[in-house]
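Below are the chains, spelled out letter by letter.
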Amino acid sequence: MDKEKLAPWIERLNKAEGKDFAAIVAEMARENSLKEGEAWKLLKSAGFDPKEAEKAKSQLKAGGKKISVVLRHKTEYPRYRRAGLVLTQKAETYEVTEEQLATLKKDCWVVIGEDKKDGEK
């Protein structure tokens, strides 16, 4: 199952509450003729982490302080999910909480930096 087919499921999981994750993954497994364990592995390999998704939702509900940060990723894929964000290969400005920023700093595939135009050094 390719990442393009996983994207709608990940979006659905990101919008759902934590208690509904198992039902959504079970539905995904049925529709794609997979076992639930295989479905979870595919989702995790695509960047979905249920613990991080729940953390991000609780931070948004708590009204955590937001910081503007320029982010991009350096994987071969067009999009990369981390800390509740969908990053692109092109540097873009994101509003993140302090906890999300700490998680992003630990990820070797995420580049945190200044906004540079294509071709600049």
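Conventions adopted
Residues numbered from 1 in each chain as written. Predicted model: local features only at pLDDT ≥ 70, side-chain atom pairs only at ≥ 80, totals over all residues. Heavy atoms only, no water. Helix = DSSP H or I, 4+ residues; strand = E, 2+ residues; numbered from the N terminus. Pairing = 2+ DSSP bridges. Axes fitted to C-alpha atoms, helices over the stretch in contact; angles between N-to-C directions. Contact = heavy atoms within 4.5 Å. pLDDT = per-residue confidence, 0-100. Expected span 1.5 Å × (residues − 1). Buried < 20%, exposed > 50% of the residue type's maximum accessible area, 1.4 Å probe, protein only.

## Quick look at the environment of Asn14
Then, in step 1: With respect to the secondary-structure elements, Asn14 resides in helix α1 (residues 3-15).
Then, in step 2: Each C-alpha atom of the pair Asn14 and Leu85 lies 9.9 Å from the other, and the pair is 71 residues apart in sequence.

## Side note on the sheet that holds strand β4 (residues 92-97)
Then, in step 1: Strands sit in the order β4-β1-β5 across an open sheet of three strands; the sheet is antiparallel. The open sheet has two free edges, formed respectively by β4 and β5 (110-113), since each of these has just one partner strand. Between one strand axis and the next, the sheet turns through 50° on average, direction left out of account.
Then, in step 2: Note: strand β1 (residues 66-73) against β5, four bridges, orientation antiparallel. Counted as the bridge partner of Leu71 is Ile112 from β5.
Then, in step 3: This element, helix α5 (residues 98-106), spans β1, β4 and β5 of the sheet and lies at about 120° to β4.

## A look at the confidence of the model for the protein
Then, in step 1: Confidence in the prediction of the protein, expressed as mean pLDDT, is 83, and 86% of residues score 70 or more.
Then, in step 2: Counted against residues more than four places away or in other chains, residues 115-121, with its pLDDT under 50, gives three contacts.

## With respect to α1
Then, in step 1: Along its 13 residues, α1 runs 18 Å from first to last C-alpha, staying within 8% of the 18 Å computed at 1.5 Å per residue.
Then, in step 2: Within the sequence span of α1, burial applies to Leu6, Ala7, Trp9, Ile10 and Leu13.

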